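Each chain is listed here by its residues.
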Amino acid sequence: MIRVLLAEDMRLLRMALTSLLELEEGIEVVASLERGDAILPEALGAKPDVALLDIDLPGIDGISAAGQLREQLPSCRVIILTNLGLPTNLRRALNARISGFLLKDIPPGRLAASIRAVMEGERVIDPQIALSALESRESPLTERETQVLRLVAEGVDVPQVARQLFLTPGTVRNYLTTAVNKLRARNRIDAVRIAEEEGWL
């Protein structure tokens, strides 16, 4: 029996995925969560074989949670299941050494087959996302610059960004200035636009 932990913040989709997976022979959903910061504690107790994680979760995002699982529960394979099929997300996920990266519109049978495949040691990645990642430019931004720019893109002001990332406001402004210069942008709004168009946020 393959034990699956599922993390998805949309309740209806989480319930639908749980029901679909429970219909599959040899697959059991042992945990169904809505928050990213609940993944590691639950996984350490439930000991799933596979964690099926959305990226955009409250608490911490699914890719960060995947990194935590890799460090503290290396036997658990991780599949990212997302609508955010951006090349930068795939790169982040691969750096976290995930086993799969799939879009949420995947047919249920293929999702179950992917879960079984990663249990056999295979890596399953949506071919269209993989192709986009190969064709896209590498981001010139550091991870911290990307974090700062991503928060600014969400409408978070500099003092709030500083609090969230445990930085001083001056340091946040320095990161923004560096990002603007690297992207040859006119200002931080233009930098956000460029980074979003390139799929770096």
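Residues numbered from 1 in each chain as written. Predicted model: local features only at pLDDT ≥ 70, side-chain atom pairs only at ≥ 80, totals over all residues. Heavy atoms only, no water.

**Quick word on the packing of helix 7 (residues 143–153) against helix 9 (residues 169–182)**
And then number 1: At a closest axis distance of 9 Å, the pairing of helix 7 and helix 9 adopts a crossing angle of 95°. On the basis of the axis angle, helix 7 is roughly perpendicular to helix 9. Only V172, Y175, L176, T178, A179 and K182 of helix 9 make contact with helix 7, whose side of the interface consists of R144, E145, V148, L149 and V152.
And then number 2: In terms of residue class, the contact of helix 7 with helix 9 is made up of seven nonpolar, one polar and three charged. (Axes fitted to C-alpha atoms, helices over the stretch in contact; angles between N-to-C directions. Helix = DSSP H or I, 4+ residues; strand = E, 2+ residues; numbered from the N terminus. Parallel < 35°, antiparallel > 145°, perpendicular 65-115°, else oblique. Contact = heavy atoms within 4.5 Å. Nonpolar A, V, L, I, M, F, W, Y, C, P; charged D, E, K, R; others polar.)

**Some remarks on the nonpolar core**
And then number 1: The biggest cluster of nonpolar side chains holds 25 residues, and the ones touching the most others in it are L5, I39, L53, L69, V78, I80 and F101.
And then number 2: Among the elements of the structure, strand 1 (2–7), strand 2 (27–33), helix 2 (39–46), strand 3 (50–53), helix 3 (62–72), strand 4 (77–82) and helix 4 (87–95) are those that each provide at least two residues to this core.
And then number 3: The element contributing the most residues to this core is helix 3, with four residues.
And then number 4: If sequence neighbours within four positions are ignored, L53 has contacts with L5, A7, I39, G62, A65, A66, L69, V78, I79, I80 and L81.
And then number 5: By size, the runner-up hydrophobic cluster in this structure holds 22 residues, among which are L141, A162, A185 and L201. (Core = buried A, V, L, I, M, F, W, Y, C linked by side-chain atoms within 4.5 Å. Buried < 20%, exposed > 50% of the residue type's maximum accessible area, 1.4 Å probe, protein only.)

**A closer look at the sheet that holds strand 3**
And then number 1: One open sheet holds the six strands; their spatial order is 2-1-3-4-5-6, and the pairing between them is parallel. Looking at strand neighbours, the two that pair on one side only are strand 2 and strand 6 (124–125), the edges of this open sheet.
And then number 2: Packed onto the sheet, helix 3 meets strand 3 and strand 4 and runs at close to 165° relative to strand 3. (Pairing = 2+ DSSP bridges.)

**Here we look at the pairing of strand 5 (residues 100–103)**
Each regular strand displays side chains that alternate between the two surfaces of the sheet.
And then number 1: Relative to strand 5, strand 4 is paired through four bridges, and the arrangement is parallel. Opposite L81, over in strand 5, you have L102 as the bridge partner.
And then number 2: One crossover worth recording links strand 4 to the parallel strand 5 by way of helix 4, and it is right-handed.
And then number 3: Note that strand 5 and strand 6 share two bridges and pair parallel. Within strand 6, the residue paired with G100 across the bridge is V124. (Right-handed = clockwise from strand over helix to strand, strands pointing away.)

**Quick word on the pairing of strand 2**
And then number 1: Looking at chain direction, strand 1 and strand 2 are connected through six bridges and run parallel. For L6, the partnering residue across the bridge sits in strand 2 and is S32.
And then number 2: Handedness of the crossover joining strand 1 and strand 2 through helix 1 (residues 11–22): right-handed.

**A few points about the side chain of S99**
And then number 1: Looking at the secondary structure, you find S99 in the loop between helix 4 and strand 5.
And then number 2: Take S99: its relative accessible area is 14%, and that puts it in the buried class.
And then number 3: Non-local contacts of S99, meaning those with residues more than four positions away in its chain, are made with R77, V78, V118, E122, R123 and V124.

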